[in-house]
Number of protein chains: 2
Amino acid sequence: MKVAILGFGVVGSGVAEVLERNADRVEKACGFPVEVARILDIRDFEGHKYQRIITKNFEEILGDDSIETVVETMGGVNPAFEFVSRSLAKGKNVVSSNKELVATRGYELLELARQNNVNFMFEAAVGGGIPIIRPISRCLAGNNITEVAGILNGTSNFILTKMIVDGMSFGEALALAQEKGYAEKDPTADVEGIDAMRKICILASLAFGHHVYPEGIFTEGISGITLEDVAYAADFDCVIKLIAKAKKVQDGRILVMVSPCLVKKSSMLSGVSGVFNACLVRGDMTGDILMYGKGAGSLATASAVVGDIIDCAGHSDNRKIFGWDDKKDDYLEDHLNCDSSLYVRVRGESEAEIHRAVDSVFGEVTYLKREGADDREAAFVTAPARERALFEKLEATGLDIISTIRVADY
Amino acid sequence: MKVAILGFGVVGSGVAEVLERNADRVEKACGFPVEVARILDIRDFEGHKYQRIITKNFEEILGDDSIETVVETMGGVNPAFEFVSRSLAKGKNVVSSNKELVATRGYELLELARQNNVNFMFEAAVGGGIPIIRPISRCLAGNNITEVAGILNGTSNFILTKMIVDGMSFGEALALAQEKGYAEKDPTADVEGIDAMRKICILASLAFGHHVYPEGIFTEGISGITLEDVAYAADFDCVIKLIAKAKKVQDGRILVMVSPCLVKKSSMLSGVSGVFNACLVRGDMTGDILMYGKGAGSLATASAVVGDIIDCAGHSDNRKIFGWDDKKDDYLEDHLNCDSSLYVRVRGESEAEIHRAVDSVFGEVTYLKREGADDREAAFVTAPARERALFEKLEATGLDIISTIRVADY
């Protein structure tokens, strides 16, 4: 089978490398060899071993009927959407690692694939090399999935791990991540939760059946997390993790959001350190399932793309059904209408004054300790309640709210 | 699509329940409804809601051409093998949860499926509801897998967890497991590692491409583990887990074995507690991937069966390739020819005497401490070396060897 790769960057070049290095294994899995016939990239690759098959002209790939499967690893929506949609319309399978494309245009592209009886697959778009998409859409298909929750951004997890384990500040840990190449010069998409948000939109669409678009999804990053929060969390036997979650709530609606959370040390999610990712899927029949591994990296992500290429090879006449329908009105619930338990750090006149104010509004809460805290601050964890009510109560204490972080229940 | 269920026990009745409770979701995933048309069981189910479709005569199922897929949840090799092979030969897909059948006759049955252009699937045979088989055979197909290691038996993991967390003895923990229904009256298959061994044979066959039969696989259980070992392991920052592993070693050979291991507390495998299971897959491209969840239970296991039923529905003309060939001569390596690091507990005349004997034979080792140990015992961890050499050296110390446990490197 001949494939073309669109975009010869980190993932695209990894795909070529995996197909070359593990050619035997790929051929055994497909039943025939897979050949990279063309590569699209706007840059010059003078003297590169793939130079003769690299082109700047997408039409050469589109017009080559011998190319059955197109691999899109360009990133971004434009021109990726145009190239992918025209490839599907031309009867080619498409495998993509592009989370932004899948999160924003997934339904359209799956529809187009359906109409043309070809496959559109995107295992690599979430969790790099970790099997997540196929387990959710295939292995757990007998379940009603009630929640998906993941640590889906390696950069922010690396930063949090350095804060928790090595006592670095957010700024120091970010600088180290940039030095190591884990974070970009402009780290906004990673540390503010945008990357994780795109990924949870994809998982929510898959798990619950209607396209969840990124617009308007509540997204809170980790740039406000301090070492004081980390210390208080430890006193509650928790670590702080950036959790992207999608959950069935009342009246057929779902809640999709990204925010830092306190995660109990006994939870499998708490053991996910450094640049690793994990995704927890709660099914009505299976209970909690967790998938863990490297969430990024050239070869790991590329190997997920290659897994999809092999799957396409086996399904030339047999399209995969993802059960991902168009968006639905009145489908997304506001997090303020859902229940949470909150960790809160406040400042006031004195410890006694703070406790009086908190107790009078909240009734019972769990107070936390940290070494070195002065008498004018306190931290506590509330019982679970409607978030709107919790934030109103916080306001009613009249105290200076320094930080609030949700408490996860897995 | 019509299916028949062979064996209406824990898993078989779970399959019927999952298909009924999640009928909407199954229909959406398949594109059409799935109906349980017949159930085979030798028992009477007087007044049961499925009574009218239950039969004691397999021929009625085999002869019914409207039944496309047969679900085998009987367990054991006989008569399961006969029923499964005849179903495949008759052109029916078969989905099985039967680890003993797959471990001992998997290659034959896959060959028979291939010849008849139908599917033989068995996601539920390993890890209950946890997606393991499909991730290994599909998602990670672009990798050369170098090792698979898992906590694959919930009963023994429950016992070890109770020993580690609650300080119960092996006997007390086993009695509790039996009381809770996690262990059978005769717990041999679980606590002596036989169940885990069958499962790792299946995973080894899938990951490395040649059928690994259970006969002759080195299998050590947990009945010899004591609270003293647990305490020493803690001093090495480890917990003791029953690990089933399959690993590529020298000269194209593989090592397949089951034994207790010391697992570092920083490892994701150490967090797998109680009846939960986990499987770690080491790929050359992905690095370490871990899948975690409930490894047993009626509905969890049944949901994996239903996932396979749905996959069969989508592949009526398109057989899945597993790349599982017949056995190969000179393929399995003896564990004594492979490298390990060993934890050892010994008894001698005095601590000084023990140290002298150990140091003179081993050179440097790491000595461990436990509260309450008397002066006549010691425990240590060796550097990694060929197992045969390590055991010979132990003999050469002239000390009384109380226990030896391998140290895992993940």
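Placed above this text is the structure.
Thresholds, definitions, all that
- Numbering of residues begins from 1 in every chain and follows the order in which that chain's sequence is written.
- By the order in which they are written, chains take letters starting at A while ligands take numbers starting at 1.
- Predicted model: local features are reported for residues with pLDDT of at least 70 only, side-chain atom pairs are reported and counted for 80 or more only, and whole-chain, interface and lining totals are derived from all residues.
- To obtain the side-chain values, all non-hydrogen atoms of the structure were used and water was disregarded.
- When the copies are overlaid, the least-squares fit takes in C-alpha atoms only where the residue has pLDDT of at least 70 in both copies.
- Pairs of residues are marked as contacts when any of their non-hydrogen atoms sit within 4.5 Å.
- Each pair of strands is called paired provided DSSP finds at least two bridges between the two strands.
- Numbering of helices and strands runs from the N terminus; a helix is a DSSP stretch of H or I covering at least four residues, while a strand is a stretch of E covering at least two.
- Axis definition: a line fit to C-alpha positions, over the contact stretch in the case of helices; interaxial angles, taken between N-to-C directions, run 0 to 180 degrees.
- Given a helix with a known number of residues, its expected span is that number minus one, times 1.5 Å.
- For the exposure calls, accessible area comes from a 1.4 Å probe over protein chains only, and a residue counts as buried if that area is under 20% of its type's maximum, exposed if over 50%, partly exposed in between.
- The directions from the helix axis to the C-beta atoms form the arc being described.

## Regarding the relation of the copies chain A and chain B
Alright, step 1. In screw terms, the move from chain A to chain B is a rotation of 180 degrees and a rise of 0.0 Å along the axis, fitting with an RMSD of 0.0 Å. Viewed as a symmetry operation, the transformation between the two copies matches a two-fold axis. The C-alpha atom lying nearest the rotation axis in chain A is that of M291 of chain A; the distance is 2.3 Å.
Alright, step 2. Both copies contact each other with a shared surface, as 100% of the interface residues of chain A are interface residues in chain B too.

## Overview of the sheet that holds strand β4 (residues 67-72) of chain B
Residue and element names in this part refer to chain B.
Alright, step 1. Across the sheet, six strands lie side by side as β3-β2-β1-β4-β5-β6; this open sheet has parallel pairing. Taken across any chain shown, the strands that pair with only one partner, and hence form the sheet edges, are β3 (54-55) and β6 (120-121).
Alright, step 2. Pairing analysis gives two bridges linking strand β2 (residues 35-40) to β3, with the strands arranged parallel. Looking at the pairing, I39 lines up with I54 of β3.
Alright, step 3. Along the sheet, helix α1 (residues 10-21) makes contact with β1 (2-6), β2 and β4, crossing β1 at roughly 155 degrees.
Alright, step 4. Sheet strands touched by helix α12 (residues 298-313): β1, β4, β5 (93-96) and β6. Its angle to β5, the strand with the most contacts, is close to 165 degrees.

## A look at helix α13 (residues 351-362) of chain B
Residues and elements named next belong to chain B.
Alright, step 1. For α13, built from 12 residues, the straight-helix expectation of 16 Å at 1.5 Å per residue is met to within 8% by its first-to-last C-alpha distance of 16 Å.
Alright, step 2. For α13, the full list of buried residues reads I354, A357, V358 and F362. The buried residues of α13 occupy an angular sector of 105 degrees when the element is viewed end-on, so they sit on one face. Among the exposed residues of α13, those oriented more than 90 degrees off its buried face are R356 and S360.

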